[in-house]
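Chains, contacts and geometry: an overview
Below, each chain spelled out in residue letters.
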Amino acid sequence: MDTHSYRTPLGRARGLGSAHTGVGRFIGERATSVALVPLSLWAIYAALKIAPIGYDGAVAFLQSPLNAVLAVLLIAVSVSHMDMGMRVIIEDYIHKPLSKVILLLLSTGVSWTFGALGIVSVLKVALMSAGAH
Amino acid sequence: MSQVKGAAKSPVSGGGRAKPLSPHLQVWRWHVTMAASIATRASGVALYVGVLIVASLAAALAAGPDAYSVYIGLLGSPLGLIVLFGLTVSIFYHLAAGLRHLVFDSGKGFLPATANATAWASFAFAAVASVLVWAGYFLLLGH
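Everything numeric here is computed off the predicted structure, so don't read it as measured data.

Rules used throughout
Residues numbered from 1 in each chain as written. Chains lettered and ligands numbered in written order. Predicted model: local features only at pLDDT ≥ 70, side-chain atom pairs only at ≥ 80, totals over all residues. Heavy atoms only, no water. Helix = DSSP H or I, 4+ residues; strand = E, 2+ residues; numbered from the N terminus. Buried < 20%, exposed > 50% of the residue type's maximum accessible area, 1.4 Å probe, protein only. Polar contact = N/O pair within 3.5 Å; in protein donor to acceptor, adjacent residues only side chain to side chain. Contact = heavy atoms within 4.5 Å. Phe/Tyr/Trp six-rings, centres within 6.5 Å; stacked < 30°, edge-to-face > 60°.

Observations regarding the environment of Ser64 of chain A
Assignment of secondary structure puts Ser64 of chain A in the loop between α3 (54-63) and α4 (65-93). In the structure, Ser64 of chain A is positioned 47 residues away from Ser111 of chain A in sequence and 26 Å away in space, judged by C-alpha atoms.

Shown next, in the form of structure tokens:
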């Protein structure tokens, strides 16, 4: 530190404390965790249910409004959770600013692109009329 | 400043005695709690890929019967089944680890004996639940 600085101790300390943001992120991580407890168990149930029944069975499964709603929630909450989780991992291990920014953009982009793809696909199947396929 | 840097690069310089280093993977005795922490991240990364697989499955279903049967064929191949079993283990492990961390967040469960026990319990739950689900699917339901 420059010992000849004319800055006061208060001036040096200002801005180095809490950023006053981050509580929202903390809560978001926990809230999606809690939501994913029942949703991930439902995902296992849905996978076991869909696996043996073929295309028509899978379409019929998603045309149940409850299943369609849960599938959309599963994808949306998972994407939000995995976006935040991968962000923490990247921020922990990647310290070069450019690499970090590129990976963060890539991770969030991949997360939400596949999230949108999944949700639109579920809605398309859920809302298509019988015999349209 | 340059002296400090040089010393940090060669920890045995000076009196020939290793200076203490920050604990890292190579110099840290393995604990079950450490394995549990690493496995939580690793299973999270696996499930990141798992969500991409599920979203693609939905897209294949929306694309029609042909695309869907191709995709289901991939998932049903030996490699696909290995991936799906790995995702099953990851879901159950990440679920148990997530609940464990929610308890940690409340300030409880940090006694070494408790943290060790819940770490082992998370691994055991993941193994048992995964085997039960797959055995149940193939044996009990007769698929």
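Describing the side chain of Glu29 of chain A
Residue and element names in this part refer to chain A. Position of Glu29 among the secondary structure elements: in helix α2 (residues 23-50). For Glu29, a relative accessible area of 18% puts it in the buried group. For Glu29, the side chain forms a polar contact with the side chain of Arg30, separated by 2.8 Å. If we skip the residues at most four places from it in the chain, Glu29 touches His81, Met84 and Val88.

Looking at the packing of aromatic side chains
Tallying each qualifying case throughout the model produces eight aromatic pairs over all chains. Each ring, one from Trp42 of chain A and one from Phe61 of chain A, has its centre 6.1 Å from the other, and the planes form 25°; the classification is stacked. Within this pair, whereas Trp42 of chain A is found in helix α2, its partner Phe61 of chain A is found in helix α3, the two being separated by 19 residues in sequence. Assessed through its relative accessible area of 12%, Trp42 of chain A is described here as buried. Pairing Trp134 of chain B with Phe138 of chain B gives two aromatic rings, centres 5.8 Å apart and planes at 40°, and the pair type is tilted. Taken together, the residues Trp134 of chain B and Phe138 of chain B, both in helix α5 (residues 112-140) and four residues apart, mark about one turn of the helix. Of the aromatic side chains, those joined through ring pairs into one cluster are Phe85, Trp134, Tyr137 and Phe138 of chain B.

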